[in-house]
Amino acid sequence: MCKCMSVCCLFVFSEDQILLSDCASSLAVQAYLRMCNLPVHVSCRSNAEYMSPSGKVPFVHVGNQVVSELGPIVQFTKAKGHSLSDGLDDVQRAEMKAYMELVNNMLLTAELYIQWCDDTTATEISRPRYSSPYSWPLNQILAYQKQWEVRRKMNAIGWAGKSLEQVYEDVSQCCQALSQRLGTQPYFFNKQPTELDALVFGHLFTILTTRLTSDELGEKIKSYSNLLAFCRRIEQSYFEDSQAGSSSRGYSKGPSLF
Amino acid sequence: YFLDTIQSMDPLPMHGRDMGVHPDDMIEVQEAEHETKQEVLENKDVVVQHVNIEGLGRTKEDLLGYEISEVFDAKNLIDVMKKSHIARQKLLRLGIFKEVEVVIDTSDGADALPNGLDVTFEVTEMKRLTGSYNTMVGNNEGSMVLGVKLPNVFGRAEKLTFQFSYGTKETSYGLSFFKPQPGNFERNLTLNLYKVTGQFPWRLLLCVFVGLCVSHLLTNHTLKWEGVWRELGCLARSASFAVREESGHTLKSALSHTMSIDNRNSAIFPKKGALLRINQELAGYTGGDASFLKEDFELQVNRRLVWDSVLSASLWGGCLLPIGGRPSSIADRFYLGGPTSVRGFGMYSIGPQSEGDYLGGEAYWAGGLHLYTPLPFRPGRGGFGDLFRTHFFLNAGNLCNLNYGEGPRAHLQRLAECVRWSYGAGIVLRLGNIARLELNYCIPMGVQSGDRICDGVQFGAGIRFL
């Protein structure tokens, strides 16, 4: 039974400020909400990260509830009667969770690594963008604080010792696993998209359409043609009215994949 | 944010040598030979030849020259004693000497005049490092303050203080450097570096303020530049969205000017006199994110009536004008209500609110009319009873946001409608010379929907009351 939900308001960083990892997470949530046929309105705030109850973007504000990150948002919409994974049996559901964990542990961490642990990217792209809404000297302080925080987290999970090539290799392996699971199907599970599809789309599409200091990451994904087709399919099906993630575009190359 | 501890300065007895009749005097004043030995010393002309200061260690002498220079102008003995006393007070006021003793003696030496005097100030410098522990009362909060002070750091009465304050509402620490202008102690320069963590405005947000403040005090005027890094975060998950939107970091860089004229006879229970304080603050033109012009004023007039009672009227007001289209921040707005402003209402609980969280307003006014009388039947008169007063009060005020597109007439109309007011009576207790406690019975009126009232008994402690 579907209960009508009032318009969700999705809060993200503004265009000039948003970084790769946040852009990917936001796009995943947007894709999920569109797949559920829920009207969503995107709002840009420079303090979105601090407004969020968990400290991470994106978050949605519905009625007087505030929910952040894809996992809790999926739970929240499920409680309201909207779900994409109802048709899955237990084995499939476990598989879906496993793949979502894989994406979060591999792709998201790789994005964070490239943004903040790679000195070139951090200096040329991440710090200037992250600190753009603030004035001196607060911008320097906040940017360095964020960088230090992410690097500390990388240390804790053992990624600090990795080199950039190793990270690219990890991404490639992750994509290979996803590509194998996807095979020739339109979506990961049967013919209906699930939250896994939204999550994978969010990350892959953002990586493909974002200009970083090097194109290697995008090339790795492009080598898997079924993933490329998958992204195109979702963009055409769910984002034809507006360009995919138009407000989370960030620093992209072009309007779409073509 | 910090309160200086006021040191009481008890006047020490002055030492002076007896002025016996000297053989030299007899030679000088031939005409006075016939006068009795009990000549009136006041009429005797003297010249102050030397003024010395003994006991200086690290203090630089040029600083002291200004304080003692007037002693040279004394023309007779009583004048010398008066001016020496004043100079002694000035030296103590510098805050660098533990004790100052004055010795007045006839001059001796090769160039000594027969009616010459030497005045010597024997000073004991303070130790290089002193510690202190105080308790402090703010507005409905209390805190304990630990301090470390270095008086007279570079020799010209500069003071370096480090303070740590732990209180019911906030924790703070700060480093403060104070430098008076030599020769003009009323003018001074203060540099203040602080970090304050606390709940603001009232159990709503957790704020961390890290700031640097430079202020220059002239007589009646203070010029200040302040740079503050403010971090606001929601305390409760259930905070309203309007408060949640205020979370985050902002940087405020503001110039402010305060003019303060206070001719009341006392800060706590004034019997006469008036206070006028006008403050303006301009933020945004020296950097930072916050951009506004803020004006506020405080006026208090007191008048004594029959039977030791005092009628006191006060008026507060202010407005905040955001500049450049950015909305104002919750940390800059005004708040109204509580035992220290409009009594009978909850703390800061008047005005715009969202789901029970009070957001403050951009313009406000508040007025109070008080009648203070001694306690009925005057128990403990002359002693403890003098610390108490009964008071009858009438408070009123309003707080709202203004739409600056409308004209001033619309603004005045907005502030004049839906006025909250209250009346009542209670007992006031004076704490030292700075703070007071109040226990009142209040009846709030004109309550608008959304305001939180505190009718009945209300307790308040603080420094600044409406």
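Residues numbered from 1 in each chain as written. Chains lettered and ligands numbered in written order. Predicted model: local features only at pLDDT ≥ 70, side-chain atom pairs only at ≥ 80, totals over all residues. Heavy atoms only, no water.

**Overview of the packing of helix 4 (residues 90-117) of chain A against helix 8 (residues 195-208) of chain A**
Residues and elements named next belong to chain A. Close contact between helix 4 and helix 8 brings their axes to 10 Å; oriented N to C, the two are set at 20 degrees. By the angle between their axes, helix 4 is roughly parallel relative to helix 8. Where helix 4 crosses over helix 8, the handedness of that crossing is left-handed. Across from Met96, Tyr99, Met100, Val103, Asn104, Leu107, Leu108 and Glu111 in helix 4, the residues of helix 8 making contact are Glu195, Leu196, Leu199, Val200, His203, Leu204 and Ile207. Among the residues making up the contact of helix 4 with helix 8, the classes are represented as 11 nonpolar, two polar and two charged. (Axes fitted to C-alpha atoms, helices over the stretch in contact; angles between N-to-C directions. Helix = DSSP H or I, 4+ residues; strand = E, 2+ residues; numbered from the N terminus. Parallel < 35°, antiparallel > 145°, perpendicular 65-115°, else oblique. Left-handed = near helix turned anticlockwise from the far one by under 90°. Contact = heavy atoms within 4.5 Å. Nonpolar A, V, L, I, M, F, W, Y, C, P; charged D, E, K, R; others polar.)

**Concerning the confidence of the model for chain B**
Here chain B shows a mean pLDDT of 82. Residues at 70 or above account for 90%. On the interface metric, ipTM, the complex scores 0.82, and its pTM is 0.81. (pLDDT = per-residue confidence, 0-100.)

**Quick notes on the confidence of the model for chain A**
Put simply, chain A has an average pLDDT of 84, and 91% of its residues get 70 or more. Across residues 245-258 of chain A the pLDDT falls below 50, and counting only partners more than four positions away or on other chains, this stretch makes 50 contacts in the model.

**Section: the UniProt feature "domain: POTRA" (unreviewed entry) in chain B**
The UniProt entry lists residues 46-126 of chain B under the feature "domain: POTRA" (unreviewed entry), expressed in the numbering used here. The distance separating the terminal C-alpha atoms of residues 46-126 of chain B is 33 Å; by composition the span is 31% helix and 35% strand. (UniProt positions renumbered as here; feature names shortened; annotations may be inferred.)

**Some points on the UniProt feature "domain: Metaxin glutathione S-transferase" (unreviewed entry) in chain A**
Under the local residue numbering, the UniProt record ascribes the feature "domain: Metaxin glutathione S-transferase" (unreviewed entry) to residues 172-234 of chain A. Taken as a whole, residues 172-234 of chain A contains 67% helix and 0% strand, while its terminal C-alpha atoms sit 21 Å from one another.

**As for the sheet that holds strand 4 (residues 65-68) of chain A**
All names here are of chain A. Here we have four strands laid out as an open sheet, ordered 2-1-3-4, and mixed in their pairing. At either margin of the open sheet sits one strand with a lone partner, and together these are strand 2 (40-44) and strand 4. The sheet shows a mean angle of 25 degrees between the axes of neighbouring strands, direction not considered. In the sheet, strand 1 (residues 8-12) pairs with strand 3 (residues 59-62) via three bridges, with the strands oriented antiparallel. Opposite phenylalanine 11, over in strand 3, you have phenylalanine 59 as the bridge partner. (Pairing = 2+ DSSP bridges.)

**A few points about the interface of chain A and chain B**
Each partner contributes to the interface: chain A provides 19 residues, whereas chain B provides 13 residues. Buried area between chain A and chain B, both sides added, is near 1300 Å², and the carbon and sulfur share of it is 61%. When the buried surface of chain A facing chain B is broken down by residue, A:Tyr50, A:Met51 and A:Leu138 rank first, second and third, together holding 33% of it. Summed over the shared surface of chain A and chain B, the result is one salt bridge. Across the salt bridge formed by A:Arg45 and B:Glu245, the nearest N and O atoms sit 2.8 Å from each other. Mapped onto the side of chain A that touches chain B, the elements with two or more residues apiece are helix 2 (48-51), strand 3 and helix 6 (138-157) of chain A. For the side of chain A that touches chain B, the element with the most residues is helix 6 of chain A, which contributes four residues. Here the residues of the side of chain A that touches chain B are counted per class, giving 13 nonpolar, five polar and one charged. (Buried area = accessible area lost by both parts, 1.4 Å probe. Salt bridge = Lys/Arg side-chain N within 4 Å of Asp/Glu carboxyl O.)

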